[in-house]
Amino acid sequence: MQRLSACSLDCHGACSLVVHLPDEETSLHDDPAGGVRVSGNPDHPFTRGVVCVKGRGLAARRLSPDRITTPLVRGRDGALHPATWDEALALCAARLDALRDTPESILHLRGFGYRGALAEASNYLFNSLGAASKRGSLCDGAGDAACEADFGAPDHNDSDDLANAAAIVNWGKDLARSSLHLGLMVRDARKRGVPVLTISPGGDDNDAFTDARIRIRPGGDRFLAAAAIRRLLADDAVPQAISERTRGFAEFRAMLLAMNESELLAACDATPADLDTLCRWMRGQAGNGGPTASLLGWGLQRYLRGGESVRFINALVMLSGNMGVSGGGAYYGISSGRSLDLSWGKKSGKPARTFLLSHLAQELAAADPPVRFLWVDAFNPVNQSPDAPALARAVEAIDFTVVVEAFLTDTARRADVVLPCALVLEREEIFGSAYHNYIAYAAPACPMPGEVRHDFDIARGVAERLARPIPFPDREDVLRQALRSPWLEVSLEELKATGWTKARRAAVAWEGLRFAHADGLYHLPEALHMDWAAATTPHGASPDDYPLHLLTLLAPDYVNSQVGLPGRQPGDNTEPVTVQVAPECPALATLDMDRPVFIVSPHGHMPVQVQTRPGIHPRTVIMPRGGWLAHGRSPNALIAPLATDMGDSTAYYDQQVRLEN
Ligand SMILES: Nc1nc2c(c(=O)[nH]1)N[C@H]1C(S)=C(S)[C@@H](COP(=O)(O)OP(=O)(O)OC[C@H]3O[C@@H](n4cnc5c(=O)[nH]c(N)nc54)[C@H](O)[C@@H]3O)O[C@H]1N2
Ligand SMILES: Nc1nc2c(c(=O)[nH]1)N[C@H]1C(S)=C(S)[C@@H](COP(=O)(O)OP(=O)(O)OC[C@H]3O[C@@H](n4cnc5c(=O)[nH]c(N)nc54)[C@H](O)[C@@H]3O)O[C@H]1N2
Ligand code: SF4
Ligand SMILES: [Mo]
């Protein structure tokens, strides 16, 4: 038997899946996936039946022996013990009742582990209580804020429109690891002769999607984009029809023409030949003269000036005539919920206070009054936030912590109550993508193991047990309401039958160069900060003490801290983490590879294995993210809390380190 479901891991794919279920009689004790197979839905126009290793691993992951399948409550002995749902939920409700009149002492943190219409349940519960919540982002916030500053709202051309590009510039999107299906489109484009330029500090898996490369200094994109814009301006190559659709053109032009090209190139370690290449791509000379589409990865905005980098790339797209046209555009991202009505979770009223995610440990430690109750769901902040050990201590210091989880993560192991949630393939949901305009329906194809419950039912279970209960809507009504959106024309029944629908969004964003700002114009950036050296030396350390840039890039077999390979758990691997450097990396000269090697930052150190890989910027170390703190493998033990210039996001990639014996 087959059922349609969908993958709601934190990934732009939002893949529609076909779940192949075994005959009930079959004995499948030896199969870690219980005889269930997952394949891509061939009818889905974007994912085209292709599913990644993590998607195929979902069936085995849900049956992992490490899965939490009963509620756990911390006993007097300090250990977590199985409990009934009644006990666990009553305990949570009693703790909330005691704090009901001081909502600022209740903090709700919802992460990115799972999203959708029913997933809003915990937001609904804690917004109803007026509790404190998070502020800012660990992910894409700087770039989002940049797009909002430029366009008035984030948007990009429809995913199908990439097929009309005559050339493509990829600013650091990892097409093999993070964006499989976008990678397939780029591969098809290359087969049609569309040339692709990749700009990155190296260490990515984009070689199979690349005709030319520019190896850039980490965080240097704004300088390269500015140098290309400067050439356009110096050549008087920006038509009036474009400049008059911008705000601040005269000042912007004067600012850039006053800059020096070689200084800009030195600031990003690019050569004049690199700049020629970028200009050829952006000016229609690399392809057949048609438009150039620009892909913006999220890695390039995880810097102190990450927002500025996105703003200068957007400005290059605009001023080179590639904005608002089919085949062109700047693909940064969209809100995954924008075509659904998810308003039920956002009850009116402000949270009692907010905590900045990039500085969560510091803000928790300084909170006055202190946080007394913490509820975490779909989030592993103790592993995924900068300065992870400090956050671990801050969470331990809170009176009462509840974590809704499927595994004993670095966060869950510090909880007083762990509530076991359903996972992908087991729970019903409707959700969108941060890249394309398709909406997915996930059917509960497999049974929930043990006592596991849907997140929606867990939040409702607490709400019902409060002394003053909070009424919850009906699950089905929430799903139907989600589809009542001006962008959709589909009933819940129709969506269940197909597994997906497409929101009716414009094929081309900003057509006619009309933008979402009140004045309808594109807003150009007011400044270009040349402070790269200061920016990369956090905490006053000398650049010579920590000469290498740490990039914690995503791993192909993980989604953030979730391991995607069937049967494998993060702790299975007891070898030191492998980091990569260029063969010409200066640190290699001083290392004795026959002795243990450590990666050291002002915040911590960790044993590592060092591998060389050509193409990486010489002053850069690449480390995979996802490893757990409990296994001594979390890169966030090395990373300082730094916020980005815009969007209150996290500048993970502006961490300096050294390698030593
Ligand atoms: N396999 C896998 N897939 C995932 C995830 C995962 O953990 N594993 N996570 C998901 C999530 S939450 C997200 S946000 C997305 C992120 O997906 P991506 O947008 O691909 O982002 P990152 O991995 O953060 O950044 C990686 C890329 O940025 C490049 N890069 C780093 N610094 C710079 C720079 O200064 N300039 C330029 N031009 N490039 C730079 C790196 O070389 C690399 O190619 O992926 C999602 N998909
Ligand atoms: N060093 C470094 N750290 C980073 C980054 C980086 O580039 N470098 N990137 C950051 C980025 S882009 C992101 S998005 C964040 C992501 O950080 P997180 O949001 O913490 O990411 P995940 O590990 O995907 O998910 C968290 C948890 O959700 C749980 N989960 C899965 N499904 C469900 C469900 O249905 N219900 C519930 N309740 N839980 C569920 C998983 O078991 C997992 O433990 O990390 C950031 N951390
Ligand atoms: S993790 Fe894999 S299966 Fe899941 S949405 Fe992303 S590409 Fe699809
Ligand atoms: Mo992310």
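Residues numbered from 1 in each chain as written. Chains lettered and ligands numbered in written order. Predicted model: local features only at pLDDT ≥ 70, side-chain atom pairs only at ≥ 80, totals over all residues. Heavy atoms only, no water.

> Sorry, what's going on with the nonpolar core here?
One recurring pattern in soluble globular proteins: nonpolar side chains tend to sit buried together. Grouped together as the largest cluster of nonpolar side chains are 61 residues, with contacts concentrated most on W171, L224, L278, L319 and M323. In terms of residue count, helix α7 (residues 221-234) provides more of this core than any other element does, nine residues in total. Those residues within four positions of L319 in sequence are excluded, and the remaining contacts are I229, L232, V238, I242, T246, F249, F252 and L524. (Core = buried A, V, L, I, M, F, W, Y, C linked by side-chain atoms within 4.5 Å. Buried < 20%, exposed > 50% of the residue type's maximum accessible area, 1.4 Å probe, protein only. Helix = DSSP H or I, 4+ residues; strand = E, 2+ residues; numbered from the N terminus. Contact = heavy atoms within 4.5 Å.)

> I would appreciate a short explanation of the environment of A167 in the present structure.
Positionally, A167 belongs in strand β8 (residues 167-171). Once the C-alpha coordinates of A167 and R217 are considered, the two residues, 50 residues apart in sequence, prove to be 24 Å apart. Apart from residues no more than four positions distant in its own chain, A167 is found in contact with V194, P195, W281, G287, P291, T292 and A293.

> So what exactly am I meant to see when it comes to the state of the cysteines here?
By definition, a disulfide links the sulfur atoms of two cysteine residues through a covalent bond. Applying the stated rule across the entire model yields zero disulfides. Summary of cysteine pairing: C585 is not part of a disulfide, and the nearest cysteine sulfur, belonging to C268, is at 20 Å. (Disulfide = S-S within 2.5 Å.)

> Help me understand the side chain of S634 in this model?
Turning to its location among the elements, S634 is positioned in the loop between β28 (620-624) and β29 (655-660). With a relative accessible area of 1%, S634 lands in the buried category.

> What am I meant to see in helix α6 (residues 180-191) here?
The periodicity of an α-helix, 3.6 residues per turn, causes residues three or four positions apart to be oriented the same way. With twelve residues, α6 should reach 16 Å at 1.5 Å per residue; the first-to-last C-alpha distance of 17 Å fits that figure. Positive backbone phi, at 95°, marks G193, one or two positions downstream of α6. (Expected span 1.5 Å × (residues − 1).)

> Mind showing me how you'd approach the site of ligand 2 here?
Not every one of the 30 residues close to ligand 2 is listed here, only the nearest: E405, R427, D455, S561 and N636. Here ligand 2 loses 99% of its free accessible area of 910 Å² to cover by the protein chains. Residue composition of the shell around ligand 2, grouped by class: 14 nonpolar, nine polar and seven charged. Counting contributing residues per domain, the shell around ligand 2 is built from domain 2 (72-137 + 344-439 + 447-502) and domain 4 (543-660), each supplying no fewer than three. (Near = heavy atom within 4 Å. Areas by Shrake-Rupley, 256 points an atom, 1.4 Å probe, with all protein chains shown as cover. Nonpolar A, V, L, I, M, F, W, Y, C, P; charged D, E, K, R; others polar. Domains from an automatic or database assignment.)

> Whenever I open this one, the site of ligand 3 confuses me. Can you help?
As a structural note, the neighbourhood of ligand 3 is formed by C7, C11, G13, A14, C15, V51, C52, K54, G55 and H181. Residue composition of the shell around ligand 3, grouped by class: six nonpolar, three polar and one charged.

> Help me understand the side chain of E426 in this model?
By the secondary structure assignment, E426 is in the loop between β17 (417-420) and β18 (429-431). Separated by 2.7 Å, the side chains of E426 and R62 make a polar contact. Of note is the side chain of E426, whose polar atom sits 2.9 Å from the side chain of R67. E426 has contacts with R62, R67, P444, C446, P447, M448, P449 and V452, leaving out every residue within four places of it along the chain. (Polar contact = N/O pair within 3.5 Å; in protein donor to acceptor, adjacent residues only side chain to side chain.)

> For this particular structure, what's the right way to read the domain arrangement of the protein chain?
Often, the extent of an interface is quoted as the loss of accessible area upon association of its parts. Considered domain by domain, the protein chain is made up of domain 1 (2-62), domain 2 (72-137 + 344-439 + 447-502), domain 3 (141-335 + 510-523) and domain 4 (543-660). Each of domain 3 and domain 4 has a C-alpha centre, and these two points are 28 Å apart. Counting residues at the interface gives 27 residues for domain 3 and 26 residues for domain 4. Between domain 3 and domain 4, the buried area comes to about 2100 Å², and carbon and sulfur atoms account for 58% of it. Of all residues in domain 3, R177, R302 and L304 give up the largest surface area on contact with domain 4, accounting jointly for 32% of the area buried on that side. Counting across the interface, domain 3 meets domain 4 through two salt bridges. (Buried area = accessible area lost by both parts, 1.4 Å probe. Salt bridge = Lys/Arg side-chain N within 4 Å of Asp/Glu carboxyl O.)

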